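Given next are the chains, with one letter for each unit.
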Amino acid sequence: MGERTVFQSMSNRHVVRVGPTASVYDTACAMTRTGSSSVLVMEPPDVLLGIVTERDLTTRVLARSLDPARTTARDVMTAKPISVPPEMPVSEAVVIMLERGFRHLPVVSGSRVMGVFAARDALPREIGTAMGIAEFNEQVNDAGGG
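Residues numbered from 1 in each chain as written. Predicted model: local features only at pLDDT ≥ 70, side-chain atom pairs only at ≥ 80, totals over all residues. Heavy atoms only, no water.

> Describe the overall build of the protein, listing the residues and the values that go with them.
In terms of regular secondary structure, the protein is built from six helices and six strands. Starting at the N terminus and walking to the C terminus, you meet the elements of the protein as α-β-α-β-β-α-α-β-α-β-β-α. Classification of the 146 residues of the protein by burial places 38% in the buried group. If you take every contact in the protein between residues at least 6 apart in sequence, the share linking residues at least 24 apart comes to 58%. Within the structure as shown, the protein displays about 8,700 Å² of accessible surface, and the carbon and sulfur contribution to it stands at 55%. (Helix = DSSP H or I, 4+ residues; strand = E, 2+ residues; numbered from the N terminus. Buried < 20%, exposed > 50% of the residue type's maximum accessible area, 1.4 Å probe, protein only. Contact = heavy atoms within 4.5 Å. Areas by Shrake-Rupley, 256 points an atom, 1.4 Å probe, with all protein chains shown as cover.)

This is the structure in structure tokens:
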């Protein structure tokens, strides 16, 4: 079995979107309603303009004391985000995230936006591996009288 792709690993496979003039308040409500840590800013029919993440709400709205009812998604989004194809291996997407400091990558096939791959989507298998290593180390220490 090969490495998982970003699309296989996405925990949230529906596109959470708002228009560019949506208020930050409405943007945050859309994220809360769908349990998403990001929302895509799109114009009809399917034009990806940007992405707003939980971190953006913290650093670009709260930390600047902006009024969420009067600030738009366009004002705080990361414009023209780097996107990845659905068949990209998780490890390649994680490298992009680490190198660029991103936690979210829109997944796009041709012109079709398929959702967002979030850093937490990369975690389950890796955490399982890490726990296995920790258990192994614990057994080695126990066997060594450590």
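From this point, things continue past the structure.
> Account for the nonpolar core, with residues named and values stated.
In a soluble, globular protein the nonpolar side chains are often hidden away together inside. If you look at the biggest cluster of nonpolar residues, it comprises 15 residues, and the most contacted ones within it are V18, V39, V41, V52 and L57. Those elements that provide at least two residues to this core are α2 (24–34), β2 (38–43), β3 (47–53), α3 (54–62) and α4 (73–76). The greatest single-element share of this core, amounting to three residues, is contributed by α2. The contact partners of V18, leaving out residues within four places of it in the chain, are T27, A30, V39, L40, V41, M42 and A73. Membership of the second largest hydrophobic core comes to 13 residues, among which are V84, L105, V107 and A122. (Core = buried A, V, L, I, M, F, W, Y, C linked by side-chain atoms within 4.5 Å.)

> Report on α2, specifying residues and quantitative values.
Along α2, the positions that sit buried rather than exposed are V24, T27, A30 and M31. All buried residues of α2 fall inside an arc of 120° around its axis, so they share one side. α2 presents Y25, T32 and R33 as exposed residues on the side facing more than 90 degrees away from its buried surface. Looking at the buried side of α2, the elements it contacts are β1 (17–18), β2, β3, α3 and α4. Just downstream of α2 lies G35, where phi reads positive at about 65°. (Arc of directions from axis to C-beta.)

> Pulling in residues and values, what's your account of the sheet that holds β2?
Pairing is mixed in the open sheet, where four strands are placed in the order β1-β2-β3-β4. Of all strands in the sheet, those bounded by a partner on one side alone are β1 and β4 (78–79). Relative to β4, β3 is paired through two bridges, and the arrangement is antiparallel. Paired with I51 across the bridge in β4 is T78. Contacting β3 and β4, α3 crosses the sheet at an angle of about 70° to β3. (Pairing = 2+ DSSP bridges. Axes fitted to C-alpha atoms, helices over the stretch in contact; angles between N-to-C directions.)

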